[in-house]
Amino acid sequence: MNDQTQQLAALRAAAMQERDPTASDDVLAVLLNEAARIGAKRVLEVGTGRGLTALALLLAGAEHVTAIERDSARISSARENFAAFGVSARAELLEGDAADILPRLSGTYDLIFLDCAKVQYRRFLPDCKRLLRAGGVLCADDVLLFPDGVPKKRKMLAQHIGEFLQALLSDADFAAQVLPVGKGLAVAHKKERP
Ligand SMILES: C[S@@+](CC[C@H](N)C(=O)[O-])C[C@H]1O[C@@H](n2cnc3c(N)ncnc32)[C@H](O)[C@@H]1O
């Protein structure tokens, strides 16, 4: 491990200790693997928290990450972290709700990591699809939140996630599967047009 990788591992451990959400080790491993497999240069992260997964992708070879975050404390942490790692010029942090920001984005991304409020996944899917290049990969975290049954109070959330998965898995433009890593990671490859 080099210094920056160690530093990032410490930040990830601290976030987990403080129960501030960040991708689990196995989810991060899949993300990094997918990024390497397709040679992802441009990444979009919807829900960036302290910027730790964005940092991991940048350290692993992504050229540029566009990161969306709405929580002001996490925005400050992410900015500090990007600066501490010397990657601020390659990490564009868009502050605000992805519901407002995503429709205004243009261009294309090689890899999109959808990791915001799960109730919004279904709503954000069309923009993610539009912004993902053919041959690119969309990963959505925490899609198997209730393996032992849905608690009464979470029925609405489970329904939203179910609708997202149904839309993703039945979309002929994607080859998608759900991996049993973390709390379920959907990995969807946007097919190349013939
Ligand atoms: C699971 S955390 C992100 C962790 C980060 N991706 C990582 O792996 O380190 C989810 C983040 O999404 C943010 N979020 C949730 N819904 C959002 C929305 N609609 N727009 C922007 N940020 C959102 C939350 O504030 C929170 O920081």
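Definitions and limits used
Every chain begins its residue count from 1, and numbering advances along the sequence as written. Where local features are concerned, this predicted model is filtered to residues with pLDDT of at least 70; where side-chain atom pairs are given and counted, the filter is 80 or more; whole-chain, interface and lining totals use all residues. With hydrogens and water excluded, all non-hydrogen atoms of the structure serve as input to the side-chain values. The helix and strand labels rest on DSSP assignments: H or I over at least four residues marks a helix, E over at least two residues marks a strand, and numbering proceeds from the N terminus. Per-residue accessibility, obtained with a 1.4 Å probe over protein chains only, is compared with the maximum for each type, and a residue is labelled buried under 20%, exposed over 50%, and partly exposed between these values. Two residues qualify as a contact provided that any one of their heavy atoms is within 4.5 Å of a heavy atom in the partner residue. With the strands aimed away from the viewer, a crossover counts as right-handed if its path from the first strand over the helix to the second runs clockwise. Throughout this document, a residue counts as near a molecule or strand when at least one of its heavy atoms sits within 4 Å of that molecule or strand. Polar contact is the term for a pair of N or O atoms within 3.5 Å; when the atoms are in protein, one must be able to donate a hydrogen and the other to accept it, and sequence-neighboring residues count only if both atoms are side-chain atoms. Note on areas: these come from Shrake-Rupley sampling with a 1.4 Å probe, and a residue is covered only by the protein chains present in the view. Only strands that DSSP links by at least two bridges are regarded as paired with each other. Think of each axis as a best-fit line through the C-alpha atoms, taken over the contacting stretch in the case of a helix, with angles from 0 to 180 degrees between the N-to-C directions. Two helices cross in a left-handed way if the nearer one is turned anticlockwise from the farther one by less than a right angle. They cross in a right-handed way if the turn is clockwise. Each residue is assigned to one class: nonpolar for Ala, Val, Leu, Ile, Met, Phe, Trp, Tyr, Cys and Pro, charged for Asp, Glu, Lys and Arg, and polar for all the others, Gly among them. How far a helix is expected to stretch is found by multiplying one less than its residue total by 1.5 Å. Here, the arc refers to the directions that run from the helix axis to the C-beta atoms.

S.K.: Looking at this model, I keep getting lost on the side chain of N81. Mind explaining?
M.R.: Relative to the elements of secondary structure, N81 occurs in helix 4 (residues 72-84). Judged by relative accessible area, N81 falls into the buried class, the value being 12%. Those residues within four positions of N81 in sequence are excluded, and the remaining contacts are L11, R50, L52 and L55.

S.K.: For this particular structure, what's the right way to read the pairing of strand 4 (residues 109-114)?
M.R.: Regular strands place their side chains on alternate faces of the sheet. Along strand 4, six of the six residues are buried, which leaves the element largely enclosed by surrounding structure. Following the backbone out of strand 4, through helix 6 (residues 121-131) and into the adjacent parallel strand 5 (residues 132-141), one traces a crossover that is right-handed.

S.K.: Explain the site of the ligand here, please?
M.R.: Around the ligand, the structure places 20 residues, and the nearest of them are T22, T53, E69, D115 and Q120. Side-chain polar atom of E69 to an oxygen atom of the ligand: 2.6 Å apart, as the coordinates give it. Here A117 contributes a backbone N or O atom positioned 3.1 Å from a nitrogen atom of the ligand. Coverage of the ligand by the protein amounts to 93% of the 600 Å² it exposes when considered alone.

S.K.: Sorry if this is basic, but what is going on with the sheet that holds strand 4 here?
M.R.: Sheets are built from strands that pair by backbone hydrogen bonding, the pairs being arranged parallel or antiparallel. Within the open sheet, the seven strands sit side by side as 3-2-1-4-5-7-6. Their pairing is mixed. Of all strands in the sheet, those with a lone pairing partner are strand 3 (91-95) and strand 6 (174-179), marking the two edges. Ignoring which end each strand starts from, the neighbouring axes of this sheet average 15° apart. Bridge analysis of strand 1 (residues 42-46) against strand 4 gives four bridges, and the strand direction is parallel. Counterpart to V43 in the pairing with strand 4 is L111. Of the strands in this sheet, strand 2 (64-69) and strand 3 touch helix 4, which is tilted by about 170° from strand 3.

S.K.: Any chance you could explain the packing of helix 2 (residues 25-38) against helix 3 (residues 52-59) here in plain terms?
M.R.: Their axes nearest at 10 Å, the elements helix 2 and helix 3 cross at an angle of 35°. Crossing of helix 2 against helix 3: the hand is right-handed. Side by side, helix 2 and helix 3 meet where L28, L31, L32 and A35 of the first sit next to T53, A56 and L57 of the second. Taken together, the residues that form the contact of helix 2 with helix 3 break down as six nonpolar, one polar and no charged.

S.K.: Any chance you could explain helix 2 here in plain terms?
M.R.: Two residues of an α-helix separated by three or four positions point the same way, owing to the 3.6 residues in each turn. In this model, helix 2 (14 residues) spans 20 Å end to end at C-alpha, consistent with the 20 Å of a helix rising 1.5 Å per residue. By the burial criterion, the buried members of helix 2 are V27, L28, V30, L31, E34, A35 and I38. Take helix 2 and look down its axis: the buried residues cluster within an arc of 160°, on one side only. Residues of helix 2 that are exposed and angled more than 90 degrees away from the buried face: D25 and A36.

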